[in-house]
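Residue-level structural notes
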Amino acid sequence: MAFLVTINNLLLFLSFLVALKVLRNYRRRRGFPYPPGPRPLPLIGNLLDVPMESSWLVYTQLAKKHEDVMSFHVLGRVVVILGSTKATKDLFEKRGHIYSDRPPIPIFEMMGVQWSLLLTSYGKLFHVRRKIADRGFRPASLTHHRAMQETRVRVLTARMLDTPHEWMDHIELFHGEQLLAMTYGYDAKGRDDRLIDAAKKLSELGTRSSLPGSLLVNEFRFLRHVPEWLPWLSYKPLARFGHALAEKVKDDPMKFVRESMQDGTARESIASAGLKEAEILSGSEREGQERAISETLGTMYTAGTDTILASLMSFVLAVLLHPGVQRRAQGEIDAVTGRERFPTFEDRPSLPFVDAVCKEVLRWRPPAPLHVPHAATEDHVYEGFFIPKGAWLLGNIWAILHDPDVYPEPEVFNPERFLDSNGSLRDDFTLIAVYGFGKRVCPGRYFADATLFIVAATVLSVFNIEKTRNSDDSPFQYTFSGGLVSRPDPFPCSITPRDKKAEELIIGALMTTA
Ligand code: HEM
């Protein structure tokens, strides 16, 4: 009985908080309406309208009824969904100074991981961290790591040859290895490597903890203070676990870099270059810069894993579903390499069709279809609609990349849409939306783009990717998971060397790498 009274009191208190927030926003609106959207219910607002699965598809449909700029009201919070390039440019780019913050996520505050670039509020620290990420991952720095990427991707083909059914694990390991090598000059020791394992666990924990509706504390921040003896409401143990993991990800690889710099064994890496540069500073300035390097690189080596894997899995799925596309890409690669060697980054200008396939993979199945929320730092009236300070803003990347006016028949996988009549890559100014917008646009975008290209070209140069016959002869079907990052659910597929020559190429490359 006492338990029920507590629950009732809690619900009453929650309703009071929501009502207070709604009232405060009403005063600030000065008569301007919120952007259109489904009619909210008292207190809970549009809670029941918020889709838990494949939300980007639902929002794309709703935008047809309402507008490209829609609003939802969830427990007193205003969420604005932008479904067009114009709206994302107007707000995230032209008014980037008020739309580049991140909303606070209570569970991450409890874990003490606001040092992550992904979560950093817009301000001075953001600029310091962002500069480190942008410098380390800009195209000019990436060229130093091309040879390493080419070697790693050849090792990937050898693993695929050995155990093709484990291809997803191989891709995941390849990505972890290349990122650790480039960022810290660290040679990972296989799947059980402690740094690979920590990054994977942190990335999974981050995704699970930020899913809408997954944790009550994210909706009602006062639950942060619930004592641990209320196990069904206390998030403190989870926060402690996340904190320990995040500290490991931030500090362990940097400890490795410092030690290897001291004993003279350090390889060229983004971390060692940053630390060397910081040597000209002194005292607290140097300490601050070194801390910012650990924090930013700790983010870079975990933040992009899910999205990269999603894009590589979608690539495998796309070429499996479209054998004609696969043959044409293989023909293009063969004409350049003469089947005597693996393709390299230098071949890229001669492989426009392979490039177009990579672009179409990202357009067809954008890995982060509903963006990562930005937050407004000021009240603002946009085209007559009120967007309050603190509102969450999401770009509907899916809707932008499936706009039939820009990409006719958007559901069809058609790499040719990125080519002109001469077969060269044509200008496209819309696809960049796949990496987000404005000041928070993905700093890993050039690296992601290079990775997708080199994996696609190398894998297709030696393997055929085909459907496997289901044991019950049912037709091939595929589904996508619907969290923050959308990727294909595991699907059966056959990856076999194109012929004896391809097999020899793989083994030959492995001999020279070993
Ligand atoms: C195909 C692969 C990828 C896609 C589609 C992708 C997409 C995105 C998107 C949509 C955002 C949100 C941008 C915004 O808020 O407007 C983002 C942010 C971010 N991405 Fe990526 N990403 C990819 C790969 C990577 C990689 C490989 C890395 C690291 C090496 C990375 C690191 C980050 C970081 C640190 C942020 C947060 C930036 C900030 O808050 O300022 N991403 N990414």
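- The name given to the chain in an unreviewed UniProt entry is Cytochrome P450, with the source organism recorded as Russula earlei.

**A few points about the packing of helix H7 (residues 146–162) against helix H19 (residues 500–513)**
- Direction vectors running N to C along H7 and H19 enclose 125°, while the axes themselves pass 9 Å from each other. Judged by the inter-axis angle, H7 sits oblique to H19. Between H7 and H19 lies a crossing of left-handed hand. Packed against H7, whose contacting residues are Thr151, Arg154, Val155, Thr157, Ala158 and Leu161, the element H19 presents Glu503, Ile506, Ile507, Ala509, Leu510 and Thr513 at the interface.
- Of the residues contributing to the contact of H7 with H19, the split by class is seven nonpolar, three polar and two charged.

**Brief notes about the state of the cysteines**
- Throughout the structure, instances matching the rule amount to zero disulfides.
- Free cysteine: cysteine 358, not disulfide-bonded; nearest cysteine sulfur from cysteine 442 at 16 Å.
- Cysteine 358 gets classed as buried once you look at its relative accessible area, which sits at 5%.
- Of the residues examined, cysteine 442 reaches a relative accessible area of 27% and is grouped as partly exposed.

**Re the coordination of the iron atom of the ligand**
- Counting protein donors around the iron atom of the ligand gives one, Cys442 (SG), at 2.3 Å.
- Its place among the elements puts cysteine 442 in the loop between helix H17 (397–401) and helix H18 (445–462).

**Some thoughts on unusual backbone geometry**
- The backbone of arginine 339 sits at a positive phi, close to 60°, despite the residue not being glycine.
- Its place among the elements puts arginine 339 in the loop between helix H15 (323–337) and helix H16 (352–364).

**As for the pattern of salt bridges**
- Counted according to the given criterion, the structure contains 37 salt bridges.
- Residue arginine 129 is joined to glutamate 295 by a salt bridge in which the shortest nitrogen-to-oxygen separation is 3.0 Å. Of this pair, arginine 129 sits in helix H5 (residues 124–136) while glutamate 295 is found in helix H13 (residues 283–303), placing the two residues 166 residues apart along the sequence.
- A relative accessible area of 8% means that glutamate 295 is categorised as buried.
- Between arginine 258 and glutamate 290 there is a salt bridge; the shortest N-O distance is 3.6 Å. Here the residue arginine 258 occupies a position in helix H11 (residues 236–262), and glutamate 290 occupies one in helix H13, the gap between them amounting to 32 residues.

**Looking at the sheet that holds strand S2 (residues 77–82)**
- Spatial ordering of the open sheet is given by S1-S2-S6-S3, a layout of four strands whose pairing is mixed. The two strands at the open ends of the sheet, each matched to only one other strand, are strand S1 (69–74) and strand S3 (374–375).
- Note: S2 against strand S6 (residues 392–395), four bridges, orientation parallel. The residue bridging valine 79 from the neighbouring strand is tryptophan 392, located in S6.
- On top of the sheet, helix H2 (residues 55–65) reaches S1 and S2; it is set at about 120° to S1, its chief contact.

Criteria and cut-off values
- Residues numbered from 1 in each chain as written.
- Predicted model: local features only at pLDDT ≥ 70, side-chain atom pairs only at ≥ 80, totals over all residues.
- Heavy atoms only, no water.
- Axes fitted to C-alpha atoms, helices over the stretch in contact; angles between N-to-C directions.
- Helix = DSSP H or I, 4+ residues; strand = E, 2+ residues; numbered from the N terminus.
- Parallel < 35°, antiparallel > 145°, perpendicular 65-115°, else oblique.
- Left-handed = near helix turned anticlockwise from the far one by under 90°.
- Contact = heavy atoms within 4.5 Å.
- Nonpolar A, V, L, I, M, F, W, Y, C, P; charged D, E, K, R; others polar.
- Disulfide = S-S within 2.5 Å.
- Buried < 20%, exposed > 50% of the residue type's maximum accessible area, 1.4 Å probe, protein only.
- Donors = N, O, S within 2.8 Å, 3.2 Å for Na, K, Ca; no water.
- Salt bridge = Lys/Arg side-chain N within 4 Å of Asp/Glu carboxyl O.
- Pairing = 2+ DSSP bridges.

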